[in-house]
Every structure is written in structure tokens, then in C-alpha cells.
Amino acid sequence: MSETTTEPTSPRLPEPFVMVVFGASGDLTRRKILPAIFQLWCRNHLPESAAVIGYSRSDKTDESFRTELCDSMRDELSCHRGLIDDEAWEAFASRIFYQRGAYDSPDDFAALGKRIETLNAERNVPGNCMHYLATPPAAFADIIENIGAASLARRGQTDPWARVVIEKPFGTDLRSARDLNRIARSVFDEDQIFRIDHYLGKETVQNIMVLRFANSIFEHAWCHDYIDHVQITAAESLGVGARGGYYDRSGALRDMVQNHLMHLLCLVAMEPPSALTAVAVRDEKVKVLRALRTIPPLCAASGVVRAQYAAGSIDGREAPGYRQADSVPADSRTETFVAFKAHVDNWRWSGVPFYLRTGKCLPRRCTEISIHFKDVPRVLFNRPPAGPLRPNVLTIRVQPDEGIALEFQAKVPGPAMNIKPLEMDFGYHESFGGAPPEAYQRLLLDAARGDATLFTRSDEVEAAWQFVSPIIEGCSQDTDNLLQYAAGSWGPKEADELIEADGNQWHLR
Ligand code: BG6
């Protein structure tokens, strides 16, 4: 976040480092992490000597690991951004290595330490090391403790440095998040810990701060005087696919709300930070989380709409229900959809409801934030025959079709005073030529450069759990109120009723 210039600049190159990816055989490594590193390398954003060591329990050689990665990289990159350049891949592949080891074996970590030392010496890397935890969360504690025991954490040192990037989910409730923070901070200093949430790497999400704080017209109206309510929807058209085992223990509240939706809400609601530094930005986000009105367990059961998708059809294709998915128990009570109303109890947002909604197997993939402004007074136009008028809506399309639109009223040409809502629309594709880069690229580059602004701090993750845990607790005490919705619909009717009870409607429907 440190570059504030309006001129295009090349990002600062990280110092040479070795990256160790724990969970090297996993889907995340193949589909997201390595493709992002490869693309950074192709764009000359990484130092020439950078190297990656994949670490996991499976038996592989450097060569077989490279071949496996190349195959999945071809699939991943070719569907999104064109074909993989063979020459570039060959050059990059020679920087990838594999180390077999268990996550709970101090001996295997000692061997990893030796491998890192050898690579440092061969490649003239000064000892900087980025540990990336891309394993299932159950392995996080063992890995962190073994990194510490093998003296690979370099606590208190900045030259050479060591950092740890921890994937989500960070805990399953407030208590487990606190435990994991305690373990991580017993080995690393807080400024070495990078808790990743890929939503913060999305260009459209970073643009929320620019929209608000680089344009004087919005910020003055960004408060309860002018804003009626805010909606945040993260809709996915896919079901849980092959991730049923993980998802069934998680559900939408843990999987999407505690992290992605909370970040979006913070960026919309936060006060302007005093500087674009990791400390200042994250301080303001934490203040929003602490100002969220607690939804006590007893109210969660009645005020939060939770539902699970049943069989239906999406885009003309038949879609099976959640309970038919692999590794999902036939009597699962896990929610795949959730909608609720939140309040940020501070001066700026007093009386402004924030409606949040997320779900799988909805009609289309679309994440958007809409800011609904107050009605103009019911005089002049806002009464018959021209009115009632539609209030202004500012929509931030996080994905896909990334952009921002402002809905406003205009007079239809002609002798009568007819008024019509129109849209001013900015699209990333048209304005910047193409889709924004994958979130992981930006985040990996920031972690390698030591910029933690787009990562979640320990107090932030705990404050988010502090808000979400009572909701989960309330819902788990009353599993009878789990509703159903047909795959391909916008969720149960109760989600519409939730917002209609206040005289509003979902913007995306
Ligand atoms: C992940 C969740 O964090 O985010 C997934 O675990 C979800 O369940 C995904 O599908 C959504 O990410 P995106 O970038 O596709 O909106």
C-alpha cells in the first residue's frame, strides 16, 4: 500500500528469498500459489535468485513435483489468461524444489533447514525465508512450532528476515483463533505473521479506499446523514464441489462471513486512516469490528437467516442438493447461505443498517457492495406525477464484471417532466484494458516485501470472531431453524423478508 503516486510505477522488488510452501501437494498450492508466483516471476516482480521449496508428506522428487505443477499450471493459467510460455516455465521450474517431510517431525524440519541453507549458498540468497502454510488448518500449530524448534523463525531479526503466511481459516471460533495467535506469537513476532485473506488482494477491494479517500465527493456523503443502508452480497453459483469434508465443518458463517465479508464491511465503514501504513489502516478496521453491535446467541436464532441448498437448477443445468455432495453427511445441518442485518454503533453509522448475505448455488457468481442513499425530500419531483423516485445507489462490483456504477435520476427529453433512473458506469475491462490480476499475486508480493497492510492482524481476526462466534453459537443451539432453498434461487424467502421488513429490497436479485 505504500505507493501513493498516480503515475504507473513498478513495484519495489523484494530482497532475494526462499519460499517454503507447506502443503505442496494440495489444491491451493497448484491452483493459486504457484501460478501466482510464476506470474510474478514472468513480470519481473521477483528477484532472479528467488527459489521455492514445496514441502509435504508425499513422496516426490524435484523433477516429479515440477512436472505435476506444470500440468496443473497449464490448466489453471490457460483457462484464465492465455497459454503458458514454455521458455518462461523452464526457467522458472529450475527454481522449484521439493522436500518430503511430516508436519510434526522435528527431524524433518531440521532436514528442511539444511536444504534451505544449501539453496541459500548455491543461489546467493542472504537467508531470507518466507514460510507459507497452505495445509489444512489442523497442521498449522505443528508446523509453526517445528519452524521455531528448527531455528527457522528468526524472531527479532530483520536481516535476514523470516515471515510466515497463514492461510484461512484462522481458527474456528474466538477461542481457537486466540490459541492459534498465541502459538504463532510464541514463535514469531506479530510483524512477521501474515494472515492471508485473498479478498484483500482483489483490486476492486483495494479500490474501496481509493474511491472513498481519493474523491472528495463521496466521503462527505458517507455517513448516516445521507446513507440509508448498505448491502453486501457475495453470491456464488457453484456448490461445495469436492470440498464437502472441509465445508461441512465450516459453513457459510465461518467460511465467508468471519473473513471476507467482515473485511468488505470494514473497508466501507472505517474512518480515513492517518496514513497508508499497515498499522494505521488496520487500526481503523479494528475500530469498526469493535463497534459492531453484538448479535447475542438468543437473537441469532431468530434474526439470522441460515439455509442449505436443496436440488434445483442453475443456468438450465440440474444441480444436486448440498447433502448429495461428496463427504457431506445425509443429515447435515450446515448452512450454505446466510443473511443478516448488522449495525456499526458509532457516530458515522448511527441508525444505518448493513445487510449482509452470502451463499452457494445462487443464480450467479457476483460479489457486490451497494450504498443506498436517502430519498430526496418528498417535494418537487419526489411525489406524483414524477415520483416516487428511486434513491441514488452506488454499486461497487467486486467481481465479476469489476467496476463501479452510480444510479441517478435524469429528465427524459420531451415536453413532460418524466424522470428516469440512469447509470454512470466504470468498468475495469474498458478503463484498464482487461481483468484485474489474481489476488494472490499482489498478496504474495506484499508478503515478500514485508508490507502487511493487506493482511489480517491478530486483534482484527479476534475482533471478527468476537462478532461472529455468538451468531454461530446461537444458530448451533437452534438447528431447527435451518431453512432450505432451491439451488439456483436467491436463497429462502425469509432472506427477502429480513430486508423487506425495513422497507428495502435486495439490490441483487
Ligand atoms: C474461499 C472459500 O475463501 O473463498 C470458498 O473457502 C469460496 O468457499 C471462495 O468459494 C470465494 O472466493 P472468490 O474469490 O471466488 O469469491
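For the structure, see preceding data.
Predicted, not measured: the structure shown is a model, and the values here were computed from it.

### Quick look at the overall build of the chain
Now for step 1: Helix and strand counts for the chain come out as 15 helices and 17 strands.
Now for step 2: Taken over C-alpha atoms, the radius of gyration comes to 24 Å for the chain, in line with the 23 Å a tight globule of 509 residues would show.
Now for step 3: A principal-axis box enclosing the C-alpha atoms of the chain has dimensions of 80 × 55 × 45 Å.
Now for step 4: A burial count over the chain gives 54% of its 509 residues as buried.
Now for step 5: If you take every contact in the chain between residues at least 6 apart in sequence, the share linking residues at least 24 apart comes to 77%.
Now for step 6: When the accessible surface of the chain is split by element, carbon and sulfur atoms take 51% of a total near 22500 Å².

### As for the side chain of Asn 504
Now for step 1: Turning to its location among the elements, Asn 504 is positioned in the segment after α15 (493-500).
Now for step 2: Side-chain polar atoms of Asn 504 contact the side chain of Tyr 355, separated by 3.2 Å.
Now for step 3: Aside from chain neighbours lying at most four places away, what touches Asn 504 is Asp 228, His 229, Tyr 355 and Ile 499.

### Some words on the pairing of strand β2 (residues 51-56)
Now for step 1: Here β2 lies mainly inside the structure; 6 of its 6 residues are buried.
Now for step 2: Burial along β2 is two-sided: Ala 51, Ile 53 and Tyr 55 facing one way and Val 52, Gly 54 and Ser 56 facing the other are all buried.
Now for step 3: Of the pairings in the sheet, the one linking strand β1 (residues 18-22) to β2 comprises 5 bridges and is parallel in character. Along β2, the bridge assignment pairs Val 20 with Ile 53.

### Points about the sheet that holds strand β12 (residues 353-359)
Now for step 1: Read across the open sheet, the 9 strands follow the order β16-β15-β14-β13-β7-β12-β11-β8-β17; overall the sheet is mixed. In this open sheet, the two strands that pair with only one neighbour each are β16 (419-427) and β17 (482-486). Across the sheet, the mean angle separating the axes of adjacent strands is 20° when strand polarity is ignored.
Now for step 2: Bridging between strand β14 (residues 393-399) and strand β15 (residues 403-411) involves 5 bridges; their strand directions are antiparallel. Each residue of the ladder has a partner; that of Ile 396, found in β15, is Ile 404.

### Thoughts on the site of the ligand
Now for step 1: What surrounds the ligand is the set Lys 168, His 198, Tyr 199, Lys 202, Glu 236, Arg 243, Asp 255, Met 256, His 260, Lys 360, Arg 365 and Gln 399.
Now for step 2: Within the side chain of Lys 202, a nitrogen or oxygen atom sits 2.6 Å from an oxygen atom of the ligand.
Now for step 3: Within the side chain of Gln 399, one N or O atom sits 2.6 Å away from an oxygen atom of the ligand.
Now for step 4: In terms of residue class, the shell around the ligand is built from 2 nonpolar, 3 polar and 7 charged.

### Re the packing of aromatic side chains
Now for step 1: Taken as a whole and judged by the stated rule, the model has 21 aromatic pairs.
Now for step 2: Each ring, one from Trp 89 and one from Phe 92, has its centre 5.8 Å from the other, and the planes form 55°; the classification is tilted. Here Trp 89 pairs with Phe 92, and both are found in helix α3 (residues 86-93), just 3 residues apart, close to one helical turn. Phe 92 matches Trp 89 in its accessibility class, with the two residues each being buried.
Now for step 3: Ring plane angle 75° and centroid distance 6.2 Å describe the contact between Tyr 355 and Trp 506, whose orientation is recorded as edge-to-face. Placement of the pair is Tyr 355 in strand β12 and Trp 506 in the segment after α15, with a sequence separation of 151 residues. A single burial state applies to Tyr 355 and to Trp 506, both of which are buried.
Now for step 4: Each residue in the set Tyr 247, Tyr 309, Tyr 322, Phe 337 and Tyr 485 is aromatic and connected to the rest through ring pairs, giving one cluster.

### Considerations on the sheet that holds β1
Sheet strands associate in pairs through backbone hydrogen bonding, adopting either a parallel or an antiparallel arrangement.
Now for step 1: If you trace the 6 strands from one edge of the open sheet to the other, you get β3-β2-β1-β4-β5-β6, paired in parallel fashion. Whereas interior strands pair on both sides, the edge strands pair on one side only; in this sheet they are β3 (96-100) and β6 (193-195). Taking the axes of each pair of neighbouring strands and ignoring which way they run, one obtains an average angle of 20° across the sheet.

### Focus on the side chain of Thr 29
Now for step 1: Here Thr 29 shows up in helix α1 (residues 27-42).
Now for step 2: The residues touching Thr 29, leaving out its near neighbours within four places in the chain, are Val 21, Gly 23, Ala 24, Leu 34, Pro 35 and Ala 134.

### Observations regarding helix α9 (residues 244-269)
In an α-helix there are 3.6 residues to a turn, and that puts residues three or four apart on one side.
Now for step 1: At Gly 251, α9 is bent by approximately 100°, the largest bend along its length.
Now for step 2: Among the 26 residues in α9, 22 count as buried, and that is most of the element.

Conventions and cut-offs
- Residues numbered from 1 in each chain as written.
- Predicted model: local features only at pLDDT ≥ 70, side-chain atom pairs only at ≥ 80, totals over all residues.
- Heavy atoms only, no water.
- Helix = DSSP H or I, 4+ residues; strand = E, 2+ residues; numbered from the N terminus.
- Rg over C-alpha atoms; globule rule 2.2 N^0.38 Å.
- Buried < 20%, exposed > 50% of the residue type's maximum accessible area, 1.4 Å probe, protein only.
- Contact = heavy atoms within 4.5 Å.
- Areas by Shrake-Rupley, 256 points an atom, 1.4 Å probe, with all protein chains shown as cover.
- Polar contact = N/O pair within 3.5 Å; in protein donor to acceptor, adjacent residues only side chain to side chain.
- Pairing = 2+ DSSP bridges.
- Axes fitted to C-alpha atoms, helices over the stretch in contact; angles between N-to-C directions.
- Near = heavy atom within 4 Å.
- Nonpolar A, V, L, I, M, F, W, Y, C, P; charged D, E, K, R; others polar.
- Phe/Tyr/Trp six-rings, centres within 6.5 Å; stacked < 30°, edge-to-face > 60°.
- Bend = angle between axes of the 7 residues up to and from the residue.

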